[in-house]
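# Topology and contacts: notes
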Amino acid sequence: RRVGTAPEDTLPFLLRLLGVPDEQDRLDELEPQVIQARTFAAMRRILLDASRQSLVVIEIEDLQWIDATSASFLDTLIGQMAAANILVLLTFRAGFSPAWLDRSYGHQMNVNRLSEDDSRQLVTRLLRRAGLPDDTPEDVLYKADGNPFFLEQMANAIIEGADAEGVPDTVQGMVMARIDR
């Protein structure tokens, strides 16, 4: 109501999405595709109505792992928000490219590799925060080659007790080692 959206048009679909039982079960006779389409429409309506009153910020991290249904909703929302007061802030890894990134209101900012000094600072701060000596092993800096995610994962492995020299040489190896542990 506060953003000007009629609850009778949106509430049943939002309750279903959130797993809240609706005592009237108004949606049980609808096909799943119809429920999905109307849920998407309800969420879009609320976001667009809210954007008329103030800025709406939507933040999604690690977009490369988005599920198909969420990606479908995001695609339809972005397709309808050209004039809306909505900021969609997304992070995703290199190699992933959303289909709508080429829109006139889309902008991509790349995060470059960290310098050796910045890499050392990042790992040092993480080790200090964990109460460990802040002497950053050179192997960590060399293996990570300025990749902030890899640096963080390596620091976490050291914090968890791994020897810096035994830390895997790739991000994939690092993640697999953490899963194994």
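Here is a short report on the structure shown in this document.

### So, the packing of helix 6 (residues 148–159) against helix 7 (residues 171–180)
Contact geometry of helix 6 with helix 7 gives a least axis separation of 10 Å together with a crossing angle of 35°. Here helix 6 and helix 7 pass one another in a crossing that is left-handed. Contacts between helix 6 and helix 7 involve Phe149, Phe150, Gln153, Met154, Asn156 and Ala157 from the first element and Val171, Met174, Val175 and Arg178 from the second. Taken together, the residues that form the contact of helix 6 with helix 7 break down as seven nonpolar, two polar and one charged.

### Some words on helix 1 (residues 7–18)
Turning to helix 1, its buried residues are Thr10, Pro12, Phe13, Leu14 and Leu15. On its buried face, helix 1 is in contact with helix 2 (32–51). Gly19 occupies a position one or two residues after helix 1 and carries a positive phi of about 80°.

### Brief notes about the pairing of strand 1 (residues 56–60)
Note that strand 1 and strand 2 (residues 86–90) share five bridges and pair parallel. By the bridge assignment for strand 2, Ile58 is matched with Val88. For the crossover from strand 1 across helix 3 (residues 68–79) to strand 2, the handedness is right-handed.

### Focus: the side chain of Gln64
Secondary-structure assignment places Gln64 in the loop between strand 1 and helix 3. A distance of 3.2 Å separates a polar atom in the side chain of Gln64 from the backbone nitrogen of Arg93. Leaving out residues up to four positions away in the same chain, Gln64 has contacts with Thr91, Phe92, Arg93 and Phe96.

### Focus: the packing of aromatic side chains
Using the criterion set out here, one finds two aromatic pairs in the structure. Seen from the ring of Phe149, Arg93 lies directly overhead, with NZ or CZ sitting 4.8 Å from the centre.

### Looking at the pattern of salt bridges
Where charged atoms of side chains with opposite charge meet at close range, the side chains can pair. For the structure shown, the criterion picks out five salt bridges. When the shortest N-O distance is used, the salt bridge between Asp49 and Arg45 registers 3.1 Å. With Asp49 and Arg45 both in helix 2 and four residues apart, this pair spans about one turn of that helix. Of the charged contacts, one joins Glu116 and Arg120 as a salt bridge, the two residues approaching to 3.2 Å between their closest N and O atoms. In this pair, Glu116 and Arg120 are both assigned in helix 4 (residues 116–129), four residues apart and thus about one turn of the helix distant. Look at Arg120 and you get partly exposed, because its relative accessible area is 26%.

Cut-off values and rules
- Residues numbered from 1 in each chain as written.
- Predicted model: local features only at pLDDT ≥ 70, side-chain atom pairs only at ≥ 80, totals over all residues.
- Heavy atoms only, no water.
- Axes fitted to C-alpha atoms, helices over the stretch in contact; angles between N-to-C directions.
- Helix = DSSP H or I, 4+ residues; strand = E, 2+ residues; numbered from the N terminus.
- Left-handed = near helix turned anticlockwise from the far one by under 90°.
- Contact = heavy atoms within 4.5 Å.
- Nonpolar A, V, L, I, M, F, W, Y, C, P; charged D, E, K, R; others polar.
- Buried < 20%, exposed > 50% of the residue type's maximum accessible area, 1.4 Å probe, protein only.
- Pairing = 2+ DSSP bridges.
- Right-handed = clockwise from strand over helix to strand, strands pointing away.
- Polar contact = N/O pair within 3.5 Å; in protein donor to acceptor, adjacent residues only side chain to side chain.
- Phe/Tyr/Trp six-rings, centres within 6.5 Å; stacked < 30°, edge-to-face > 60°.
- Lys NZ or Arg CZ within 6 Å of the ring centre and 35° of its normal.
- Salt bridge = Lys/Arg side-chain N within 4 Å of Asp/Glu carboxyl O.

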